[in-house]
Amino acid sequence: MARFLITLPGRADGGRGARPAFPDSVTDLRQAFGPFDHLAQVGRAAEIAGFHGALAPFDPEGDESLVVAAGLLRQSRRLRTVAGFHPGIATPVYAAKVSASLQRFSGDRLDWRLAVDLDPAVARAQGDFLRGPDRYARAEEFLTVAKGVWSEEDYTYEGRFYQVLAGGFQSPLAGRAFPRVHLSGTTKEALELSARHADVHVFDPEDDIEAASLPGVTYGLRLPVLARDDDEAWEAARRLWARDAGTAPGASLRNGLVGSFETVAAGIRDYIDRGVGVFFLEATPYIEETYRLGERLLPLLAKEGVRVR
């Protein structure tokens with residue numbers, strides 16, 4: 001069984017540019033179509049097309065993923081949403097409380113994806129000056145404390161980075177499912193953290209998946225894809241590379257899957273045979289590609305024996 005999630009844009013389209021000029025008689029200047037409308041359409045497309053969920057990625061200069069996740073959970077019935085965030089954004093108690101509320105409101109459809117090892121310049125811009133192994137030590141405490149206050153009514157913890165005295169959730173926050181934890185990285189510290197705390201460990205296409213040993217942890221994969229009929233895929237890929245001049249999303253396709261729907265499906269089946277169970281598909285333009293993959297790729301995989309959910 002494999003789960004497929006679509007990756008949302010970190011910076012939503014919609015409402016771009018200056019507002020048009022209106023006569024003085026117009027007093028309601030709210031945008032008719034704003035950034036969240038675009039995100040909502042991507043989420044709606046993912047749900048209609050049969051995707052398991054959607055990832056709201058951590059983007060230091062983009063929209064706050066937990067806010068995006070809350071909106072998507074509100075406007076969907078079954079779509080799971082993975083919120084990517086940096087452990088330094090808040091205390092683990094506050095992050096857990098926000099998430100417990102979202103679990104109550106959504107029927108336990110929120111998951112976490114922690115971005116632990118940031119580029120130093122990006123981390124400092126976020127107000128985080130930890131470096132090296134300390135980042136993983138803090139993430140360890142973050143997850144320990146978050147799980148502790150979630151599951152114990154009288155929880156006390158004293159560590160290097162966090163302290164809690166007689167904390168813990170009671171009604172109405174108690175009793176919800178803790179978010180599935182997604183982690184990533186191939187360093188010794190990253191893999192050890194996942195072994196202790198992750199439900200899913202997310203690899204990149206260029207990573208040596210077979211070299212990792214994480215018993216009990218589901219393997220995930222960040223996977224850029226571009227699927228079309230016949231030779232249209234490579235023509236579309238070349239246009240994307242030319243348009244983006246080597247920057248994302250065009251550059252990321254060089255490590256992804258490009259080709260016919262049958263070729264992309266074969267590549268995914270190969271990853272499944274290598275142990276991958278969760279796929280975070282990346283494709284642009286977001287709305288159109290979400291429908292396209294849901295209508296053509298997922299049914300093809302299901303027809304060929306892959307249990308898609």
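None of the values given here were measured: they were computed from a predicted structure.

Our focus in this paragraph is the nonpolar core. Of all hydrophobic cores here, the largest spans 73 residues; its most connected members are Phe279 and Leu281. Top contributing element to this core by residue count: helix α5 (residues 133-151), with eight residues. Excluding residues within four positions of it along the chain, phenylalanine 279 makes contact with Ala2, Arg3, Phe4, Leu5, Leu221, Leu223, Ile268, Tyr271 and Ile272. Core analysis: the second largest hydrophobic core is formed by eight residues, Ala236, Leu240, Trp241 and Val258 among them.

Another aspect to go through is unusual backbone geometry. Cis geometry is adopted by the peptide bond preceding proline 172, which originates at serine 171 and carries an omega value of 10°. Along the polypeptide, proline 172 turns up in the loop between β6 (163-167) and β7 (181-184). In this structure, proline 285 follows threonine 284 across a cis peptide bond, with omega equal to 0°. Within the secondary structure, proline 285 sits in the loop between β11 (276-282) and α9 (286-303). Of note in the backbone geometry, aspartate 108 takes a positive phi value of approximately 65° without being a glycine. With respect to the secondary-structure elements, aspartate 108 resides in the loop between α3 (92-106) and β4 (110-114). Not every positive phi belongs to a glycine, and alanine 166 is a case in point at roughly 50°. With respect to the secondary-structure elements, alanine 166 resides in strand β6.

Attention now goes to the packing of α3 against α5. Between two packed helices, both the angle of their axes relative to each other and the distance between the axes serve to describe the pair. Put simply, α3 and α5 touch, their axes get as near as 9 Å, and they point 50° apart. As the angle between them shows, α3 and α5 are arranged oblique. For the pair α3 and α5, the sense of crossing is right-handed. Along its contact with α3, which presents Pro92, Val93, Ala95, Ala96, Ser99, Ala100 and Gln103, the element α5 presents Phe142, Val145, Ala146, Val149 and Trp150.

Side chains Tyr155 and Tyr157 project from strand β5 (residues 155-158) onto a buried face, and the interleaved Thr156 and Glu158 project onto a face without burial. Sheet topology note: the β5/β6 ladder contains three bridges and is antiparallel. Each residue of the ladder has a partner; that of glutamate 158, found in β6, is glutamine 163. The antiparallel pairing of β5 with β6 creates a hairpin that spans four residues between the two strands.

A complete count under the given rule lists ten aromatic pairs for this structure. Plain terms: the ring middles of phenylalanine 4 and phenylalanine 279 are 5.1 Å apart, the flat faces sit at 10° to each other, and that makes the pair stacked. Here phenylalanine 279 lies in strand β11 and phenylalanine 4 lies in strand β1 (residues 3-7), a separation of 275 residues in the sequence. The same class applies to phenylalanine 4 and to phenylalanine 279, which are both buried. For the pair phenylalanine 203 and tyrosine 219, a centre-to-centre distance of 5.1 Å together with 65° between the ring planes defines the contact as edge-to-face. A residue pair is termed long-range when its members are at least 10 positions apart, and phenylalanine 203 in strand β8 (residues 200-203) and tyrosine 219 in strand β9 (residues 218-228) qualify at 16 residues. The class for tyrosine 219 is buried, based on a relative accessible area of 11%. An aromatic cluster is defined as three or more aromatic residues linked by ring pairs; in this entry it consists of Phe85, Trp112, Phe142, Trp150, Tyr162, Phe169 and Phe178. A cation over a ring is seen here: arginine 113 above phenylalanine 280, with NZ or CZ 5.4 Å from the ring centre.

How each quantity is defined
Residues numbered from 1 in each chain as written. Predicted model: local features only at pLDDT ≥ 70, side-chain atom pairs only at ≥ 80, totals over all residues. Heavy atoms only, no water. Core = buried A, V, L, I, M, F, W, Y, C linked by side-chain atoms within 4.5 Å. Buried < 20%, exposed > 50% of the residue type's maximum accessible area, 1.4 Å probe, protein only. Helix = DSSP H or I, 4+ residues; strand = E, 2+ residues; numbered from the N terminus. Contact = heavy atoms within 4.5 Å. Axes fitted to C-alpha atoms, helices over the stretch in contact; angles between N-to-C directions. Parallel < 35°, antiparallel > 145°, perpendicular 65-115°, else oblique. Left-handed = near helix turned anticlockwise from the far one by under 90°. Pairing = 2+ DSSP bridges. Phe/Tyr/Trp six-rings, centres within 6.5 Å; stacked < 30°, edge-to-face > 60°. Lys NZ or Arg CZ within 6 Å of the ring centre and 35° of its normal.

Keep in mind these values describe shape, not function.
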